[in-house]
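# Report on the structure
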Amino acid sequence: MSSQPEYDAIVIGSGMGGLTFASIMAQLRQWRVLVLERHFKIGGFTHTFTRPGGWSWDVGLHYVGDMGEGRMGRRLFDLITAGGVSWNPLPDVYDVFAYPNLLVKACKGKTLFRGALIDAFPHERANIEQYFRDLRSAAGWASRHITSRAMPAPIGWLVRAMNRFASGLPLQLTRQYRERRFRDPQLRAVVTSQWADYGVPPGQSAFATHAMIASHYLNGAWYPAGGAGAIAKAMGAVIRAAGGELLPNHEVTRILLEGDHAVGVAVTVSKGKQAAPAELRAPVVVSDAGAWNTFTRMLPASALPFRDELRSPPEGFEVVELFLGLRRDPRELGFQGENYWLFDSFDHDEMYARRSELLDGRPPMAYLSFPSLKDPHAQRHTAEIIAPLSYRSLEAHRDEPWRRRSAEYDAAKNRMTRALLDLVERHHPGFRDLVEYSELATPLTFEHFTAAPSGTIYGYPGTPAKYTTPWLAPRTPIKNLYLTGTDAALLGIMGAVMGGVVTASCLLGWFGFLEVMRAAHAHSPSSLRAAARR
């Protein structure tokens, strides 16, 4: 590996946080960034995979909010992909919440969604209107908290200090908030129906976390044309154009230190069944591998002043995901591309506590999505069903090899597959007849490919503690070592993007965040059209 060119930075992991950082630095500073990925595909949870027959699925991206032209989320995506991704809008009704004897539809536009809630719960009108005001307040608080991490230390400290005086609403538990705000237990459930989008049930999540995700979708939802893989492909082209590179099958095992400085990484390079060690060096190292992996697996404990806080991994969100290849168009049954949230109770925390009942054929809840109806480039029709399941339920099979695990493990997967199909069939008769192919991923699958502790899919959970833990931030105690992605910012795909933004801002200088925002504005379609007319 001695012939490798020099790079300005090494990024560990090719998720949205790492790719966002690399793309921004490539464009705004012409940095040559080396992105290393342990998986054989680039993209983290935004990569796609295919199976014979023409089916294709996304692993982690199912819909994205704030992608309307002129919205800040869209401007950031246009920047980091150099405008290389087209966004297809979901139907105006993008989420359907199905409870026992109650169906509520989330509609594009705050006014319409608020109206749908008021129509379903007219006796709670005043509380519903206040709820939307509280969403705006708590989401604003969270945005200030995250952007403060991108500011020079004195200014960032001042913003966080001021934020502490207004932390009562955003840092209370979501369950506490909704019980204080609403009288109707069914309404309490409905407003938190999307909790799996951020992976923490109402009894554990900070209201700020709920507010950020709920606000994110108020103006509708979109899906990338060509699937999530189009995002990684476009960002990879940007990174390579500046002289950077993206290397799969490169697992970082250790961050190299000289004194209190990070100077590179030790990697294991896989080629077929062969693996070889190597060392790669750069003046900056950025980790998108998650805070837990970075601090406990890649660094000596003696390098960390907060090592006593790392005695156990985060208890994040663990799921199974059922990938379905369909023989016919699901529009035959009335589906139009919206997502369905299926619940057997109005108590989300109680359902989450019962998540391991899925193993016995009784899933308390599930999420149903149709990638092929969202993607105009899809070749064949597909669906996905996601449901929570504790990693501990299958932990006995952890050391069995991938794709060659025991018959007991396969039997458990078959039971869960049947149970999830039965659940959807009860809500949508005829669905099972559409299914031609099925493949189930479990928390062990996600652990195998991502190395996330217990196969969690969101990193550190969005509890109140996430906002008060100082080391969940871009800057680390190790000089020239930075975190990015969701653990440096917020949960979800936009949270990971913001992680990349704030990490890049730290390295761009005092006005780095403003520089990124100006660049995002310049890359928006309306700005580019205006420039073309001049």
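Before reading on, note that the structure itself is shown above.
The rules behind these values
- Residues numbered from 1 in each chain as written.
- Predicted model: local features only at pLDDT ≥ 70, side-chain atom pairs only at ≥ 80, totals over all residues.
- Heavy atoms only, no water.
- Axes fitted to C-alpha atoms, helices over the stretch in contact; angles between N-to-C directions.
- Helix = DSSP H or I, 4+ residues; strand = E, 2+ residues; numbered from the N terminus.
- Parallel < 35°, antiparallel > 145°, perpendicular 65-115°, else oblique.
- Contact = heavy atoms within 4.5 Å.
- Nonpolar A, V, L, I, M, F, W, Y, C, P; charged D, E, K, R; others polar.
- Pairing = 2+ DSSP bridges.
- Buried < 20%, exposed > 50% of the residue type's maximum accessible area, 1.4 Å probe, protein only.
- Expected span 1.5 Å × (residues − 1).
- Patch = residues over 30% accessible without salt bridge, like charges linked within 9 Å, V, L, I, M, F, W, Y side chains within 5 Å.
- Areas by Shrake-Rupley, 256 points an atom, 1.4 Å probe, with all protein chains shown as cover.
- Salt bridge = Lys/Arg side-chain N within 4 Å of Asp/Glu carboxyl O.
- Phe/Tyr/Trp six-rings, centres within 6.5 Å; stacked < 30°, edge-to-face > 60°.
- Lys NZ or Arg CZ within 6 Å of the ring centre and 35° of its normal.
- 1 Å grid on protein atoms, 1.4 Å probe; cavity = no way out; pocket = protein on both sides within 12 Å on 5 of 7 lines; lining within 4 Å.
- Points joined across faces, edges and corners; volume = space filled by probe spheres on them.

What follows deals with the packing of helix α1 (residues 16–29) against helix α2 (residues 72–80). Two measures define how a pair of helices packs: the angle their axes make with one another and the distance between the axes. The interhelical angle for the contact between α1 and α2, taken along N-to-C directions, is 70°, at an axis separation of 9 Å. With respect to each other, α1 and α2 are oriented roughly perpendicular. Residues M16, T20, S23, I24 and Q27 of α1 touch α2, and the partners they reach there are F77, L79 and I80. By residue class, the composition of the contact of α1 with α2 is five nonpolar, three polar and no charged.

Here we come to the sheet that holds strand β12 (residues 274–281). Taken in spatial order, the three strands of this open sheet run β10-β11-β12, and their pairing is antiparallel. Each of the sheet's edge strands pairs with one partner strand only, and the pair in question is β10 (250–258) and β12. The average angle at which neighbouring strand axes cross in this sheet is 20°, direction not considered. Where strand β11 (residues 261–271) and β12 come together, eight bridges link them in antiparallel fashion. When the sheet's bridge partners are listed, S270 is paired in β12 with A275.

What helix α17 (residues 512–522) keeps buried is the set G512, F513, E515, V516, M517, A519 and A520. Lining the buried residues of α17 we find α1, α2, α4 (125–148) and α16 (492–508).

To continue, consider helix α9 (residues 229–241). For α9, built from 13 residues, the straight-helix expectation of 18 Å at 1.5 Å per residue is met to within 8% by its first-to-last C-alpha distance of 18 Å. Here α9 has its buried residues at A230, I231, A232, A234, M235, G236, V238 and I239. Of the residues trailing α9, G243 is marked for its positive phi of about 95°.

In this section: a nonpolar patch on the surface. Where nonpolar side chains cluster on the molecular surface, the patch consists of I155, W510, F511 and L514 and spans about 470 Å² of accessible area. By the secondary structure assignment, W510 is in the loop between α16 and α17.

So, on to the packing of aromatic side chains. Following the criterion strictly, the structure yields 32 aromatic pairs and no others. Three or more aromatic residues joined by ring pairs make a cluster, and in this case those are F113, Y131, F132, Y177, F182 and F207. The aromatic ring of Y7 is capped on one face by R32, whose charged end is 5.9 Å from the ring centroid. The ring of Y352 has R355 sitting right over it, with the charged end atom 4.0 Å from the ring centre.

As for its placement among the helices and strands, P100 is situated in the loop between β6 (93–99) and β7 (102–107). Taking the C-alpha atoms as reference points, P100 and D344, 244 residues apart in sequence, are found 6.1 Å from one another. When near neighbours in sequence (up to four residues on either side) are disregarded, P100 contacts F343, D344, S345 and F346.

Here the focus is empty space enclosed by the protein. Inspection of every chain in the model, using the stated rule, returns two cavities of 30 Å³ or more. One number sums up the size of the largest cavity: a volume of about 70 Å³. What lines the largest cavity is simply Y94, F97, F113, Y131, F132, L135, V190, V191, Q194, A214, Y217 and L218. Ranked by the residues each element gives to the lining of the largest cavity, the list is headed by α4, at three residues. Tallied by class, residues from the lining of the largest cavity come to eleven nonpolar, one polar and no charged. Roughly 40 Å³ of volume is contained in the second largest cavity.

Turning next to the sheet that holds strand β14 (residues 319–326). Spatially, seven strands are ordered β7-β6-β15-β16-β17-β14-β18 in an open sheet, and the strand pairing comes out mixed. Each having just a single partner strand, β7 and β18 (435–441) make up the two edges of the open sheet. Strand-to-strand twist in this sheet, taken as the mean axis angle between neighbours without regard to direction, amounts to 15°. Bridging between strand β15 (residues 339–343) and strand β16 (residues 365–369) involves four bridges; their strand directions are antiparallel. Opposite F343, over in β16, you have M365 as the bridge partner.

Here we come to the pattern of salt bridges. Taken as a whole and judged by the stated rule, the model has 23 salt bridges. Across the salt bridge formed by E251 and R38, the nearest N and O atoms sit 3.1 Å from each other. Taken together, the residues span a long stretch of sequence, with E251 in strand β10 and R38 in the loop between β2 (33–36) and β3 (48–51) at a distance of 213 residues. Judged by its relative accessible area of 33%, E251 falls in the partly exposed class. Classification of R38 by relative accessible area gives partly exposed; the value is 29%. Bridged by salt links that share partners, the residues D344, E350, R354, E357 and R362 form one connected network.

In this section: the layout of surface pockets. A water-sized probe, rolled over the atoms, reveals where empty space remains. Here the second largest pocket defines a volume of roughly 460 Å³. Broken down by secondary-structure element, the contributors of at least two residues to the lining of the second largest pocket are α4, α5 (153–164) and α15 (464–468). Ranked by the residues each element gives to the lining of the second largest pocket, the list is headed by α5, at six residues. Broken down by class, the residue content of the lining of the second largest pocket amounts to 13 nonpolar, seven polar and four charged.

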